[in-house]
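Summary of structural features
The chain contents come next:
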Amino acid sequence: MGIREFRRDYLTRPIFRWAGGVLPPISDTEREAIDAGTVWWDGELFTGNPDWQKLLDMPPAALSAREQAFMDGPVRELCSMIDDWKIAWQDRDLPPEVWDFMRKNKFFGMIIPEKYGGLGFSNTMHSEVVRTISSASVVAGVTVMVPNSLGPGELLMHFGTEAQKDHWLPRLADGSEIPCFGLTSEDAGSDAAAMTDSGVVEYGKHEGRKVLGIRLNFHKRYITLGPVATVMGLAFKLFDPDGLLGGEKERGITVALLPTATPGVSHGERHIPQFTHFQNGPLYGKDVFIPLDWILGGQEQVGQGWKMLMTALAAGRGISLPSQSAASAAMCARATGAYARVRRQFNVPIGMFEGIRRHLADLAANAYLIDAARRLTVAALDRGEKPSVISAIMKYHATERMRESIGKAMDIHGGKAIIDGPRNYMGGQYRSVPIGITVEGANILTRNLMIFGQGAIRSHPYMLKELEALSQADKDKGLDAFDRSFWAHAGHSIANAGRAFLRGWSGALFAPSPKDVGMPHHWQRLSRYASAFALISDLALLTMGGALKRKELISARLGDILSELYLLGAVLKRYEDEGRQKIDRPIVDYIMVNGEERICAAFDGVLDNLPARWAAWATRIVAFPFGISYRAPSDRLTDKVAETLMTPSEQRDRLTPNLYLGEGHETHALKDLERAFQAVMDVEPIEKKMRAAEIRDPEEARERGVIDAAEFGRLAAAAELVQRVVAVDAWPMEEVSPLADQHRKPAPKRTRAAKPRRLAAE
Ligand SMILES: Cc1cc2nc3c(=O)[nH]c(=O)nc-3n(C[C@H](O)[C@H](O)[C@H](O)COP(=O)(O)OP(=O)(O)OC[C@H]3O[C@@H](n4cnc5c(N)ncnc54)[C@H](O)[C@@H]3O)c2cc1C
């Protein structure tokens, strides 16, 4: 006891005072963001010694028989009803039969429990549905995604009163009410808490009676489904200047459920988000009066809006955009591999060129990685986790890698993917890229401020406890709590330094890997980086404190390391869950080598720029005694991985599952591509015979008896299919522009100027 008191009074107290000055103060909105959701695998990663076995023991994501039947039935049928080009070019909306089909089959009520008339699907199923529909059309994907994501349905289930749930959920489930969620306004984008939309508590008239309520004024923009929504989840700042509710005058961000038919609300105008014509637009409210019981969760939830949003975001961000990104990445991989096989230049398939193969390998790697991480994340959500830091990682990295995949797929397709029209299966995905990057937490902000910024406080084993101790009003109690956490933290840091030393100096030889895994060396390397990450995180927090918030580039790089540890762990788990398919080893190797390159570049960046140079040097000596070295994938490995996409196989199908490939359409560009790809592969032995005979022309090969008539016919059929794929659309001038007439050549007129010129020419 004596020693503890001595430690507290003579050692901890000065540190307590010093830490109060340097550690980041937490604002109320930050506090609510930090408290939202749960700490899951991110907590393990911050320990510096993650127990990988826990990750491996987690059952993989799976669908129930009922869910699978819905995937095979209504989801496929919906995809077959969609003409994405017509939506983009002509209708600029989903056609009525698609809206009706979505309502009738309860696509808007997938997450609503069955007892309220919804489908009660798991998070895994929600993700699979969004993924498949998005592969057919981003517009349809977003339309299904939003009511099931961050919005009135999700919020009602968590925070609604019983009366609100009974009223709204059945109506949302069958699509008789269409929801939207209004948070963003002109002044408040990324800094959503800075909104100027307001509600003032006062008496007013509702249904002919004088009641206590709220007078709302707001201008929201960018609201998905806003133009057609019948009910809006509205976030606003609540003020009670006359103290009618009792308590503070400024009551904070509050959420109400507002029918859009309420007097004073106007909506219906549409934004055009990159010609991706899902419903999106502004909503305005002028002196709208609502009763208090329209507050989501009732009066008890006054001022709890930010917490509600952060809680919903903690799960939602891990589902919607990662699922859409997984669809795009898989579609890019599958279609581009096939196109690179059927498209010839310089008389060889373009996929044989090494430069193209490098891009193809990246496409295969992204498809494997995003889906591995998506499935792991939704499996965690199905187990009741709401991992806010992991979902931020997923939102950022899935959308960034989707952007990379679409960019590479566009490059390989060349003009074919640039010229728009029904024959272009890439255009819709390409146009929608910036939307995924911007919504649900714009990516620059998410990387630089949130992943590590939030993770270091939320997921670190001691940081939050220390901050809480520092902010206690009772300083003595605070000092006691700080004393306990601080010394446990110090022990943890010393242990970590030891681990990082052992693993660094031995080149990961003494780093642990889970028992009985297929590729233990990769796990060992991750273990090595995890201990170095924990060490450098602690040193960065210790030496920079609150300044780390402003040093976004350092925070971003630390976030990159944390993210890679999560994503690469997901990849290794997928490899195990899929039964260690030998054929997948090159993809896994390729991803791991690239991932290590990213991890090492991030370590290098942090250590080069950490203001406390002693800390940087100490980390280098302890964790990277021989320097930070990393390799790029070898050309041979790249070549093998690229080949995955250039050959029809079970592996290619496993890499790009559950996409809509136009099978329900009479004509569809992706269907043409798949057929051409198969046909080209089928005639390969015939082409081989011609190559051996050094003949290029099939006609000549037939005449010289190298191939027979049937083979000639198959070659011609394959060539025709390829021609359909390579073709692009061209339109009559007047169909493209109403100003077409100005370019029609007028009948030549004889002018005075023309005559002498002609004479001169003669
Ligand atoms: C198509 C579409 C649909 C949408 N749907 C909805 C919806 O249904 N409901 C809703 O409420 N909102 C919706 N939004 C709004 C969306 O959430 C916001 O666009 C987003 O929050 C970013 O706000 P902003 O566009 O005003 O960009 P800004 O906030 O102006 O940001 C501009 C840039 O600055 C960066 N930035 C900002 N702060 C920092 C920082 N501290 N550090 C580093 N970088 C920073 C951002 O990352 C971004 O790159 C939608 C937007 C779009 C485009």
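The preceding data block contains the structure.
Cut-offs applied
- Residues numbered from 1 in each chain as written.
- Predicted model: local features only at pLDDT ≥ 70, side-chain atom pairs only at ≥ 80, totals over all residues.
- Heavy atoms only, no water.
- Near = heavy atom within 4 Å.
- Polar contact = N/O pair within 3.5 Å; in protein donor to acceptor, adjacent residues only side chain to side chain.
- Areas by Shrake-Rupley, 256 points an atom, 1.4 Å probe, with all protein chains shown as cover.
- Helix = DSSP H or I, 4+ residues; strand = E, 2+ residues; numbered from the N terminus.
- Phe/Tyr/Trp six-rings, centres within 6.5 Å; stacked < 30°, edge-to-face > 60°.
- Buried < 20%, exposed > 50% of the residue type's maximum accessible area, 1.4 Å probe, protein only.
- Lys NZ or Arg CZ within 6 Å of the ring centre and 35° of its normal.
- Salt bridge = Lys/Arg side-chain N within 4 Å of Asp/Glu carboxyl O.
- Core = buried A, V, L, I, M, F, W, Y, C linked by side-chain atoms within 4.5 Å.
- Contact = heavy atoms within 4.5 Å.

1. Topic: the site of the ligand
Not every one of the 20 residues close to the ligand is listed here, only the nearest: Phe181, Thr184, Ser190, Tyr222 and Glu552. Contact distances for the ligand include 3.2 Å between an oxygen atom and a backbone N or O atom of Leu445. Notes on the ligand: free accessible area 970 Å², of which the protein chains cover 68%. Among the secondary structure elements, those contributing two or more residues to the shell around the ligand are strand 1 (179–182), strand 3 (209–224), helix 17 (427–438) and helix 18 (443–458).

2. Notes on the packing of aromatic side chains
Here the distance between the centres and the angle between the planes together describe a pair of aromatic rings. Per the counting criterion, the structure on display carries 22 aromatic pairs. Arranged with centres 6.2 Å apart and planes meeting at 35 degrees, the rings of Phe101 and Phe107 form a pair that is tilted. Phe107 matches Phe101 in its accessibility class, with the two residues each being buried. The lysine or arginine in question, Arg620, covers the ring of Trp617, its NZ or CZ lying 5.9 Å from the ring centre. In this structure, Arg702 is placed above the aromatic ring of Phe712, and the distance from its NZ or CZ to the ring centre is 4.0 Å.

3. So, the pattern of salt bridges
Per the counting criterion, the structure on display carries 49 salt bridges. Among the salt bridges present, the one from Arg66 reaches Glu114, with a minimum N-O distance of 3.6 Å. Taken together, the positions of Arg66 in helix 5 (residues 65–80) and Glu114 in the loop between helix 7 (96–104) and helix 8 (123–136) put the pair 48 residues apart, joining distant regions of the chain. Connected through shared salt-bridge partners, Glu128, Arg131, Asp371, Arg374, Arg375, Arg574, Glu578, Asp584, Glu650 and Arg654 make up one network.

4. Points about the nonpolar core
Tyr566 and Phe603 are the most contacted members of the largest nonpolar core, which has 143 residues in total. It is helix 14 (residues 354–382) that provides the largest number of residues to this core, a total of 15 residues. Residues within four places of Phe603 in sequence aside, it is in contact with Tyr529, Ala532, Phe533, Ile536, Ile561, Phe624 and Ile628. Counting 54 residues, the second largest nonpolar core, distinct from the first, contains Val75, Leu212, Phe278 and Val302.

5. Remarks on the side chain of Thr276
Along the chain, Thr276 turns up in the loop between strand 6 (265–267) and strand 7 (280–291). Apart from residues lying up to four places away in sequence, Thr276 is in contact with Val138, Val139, Arg431, Ser432 and Ile435.

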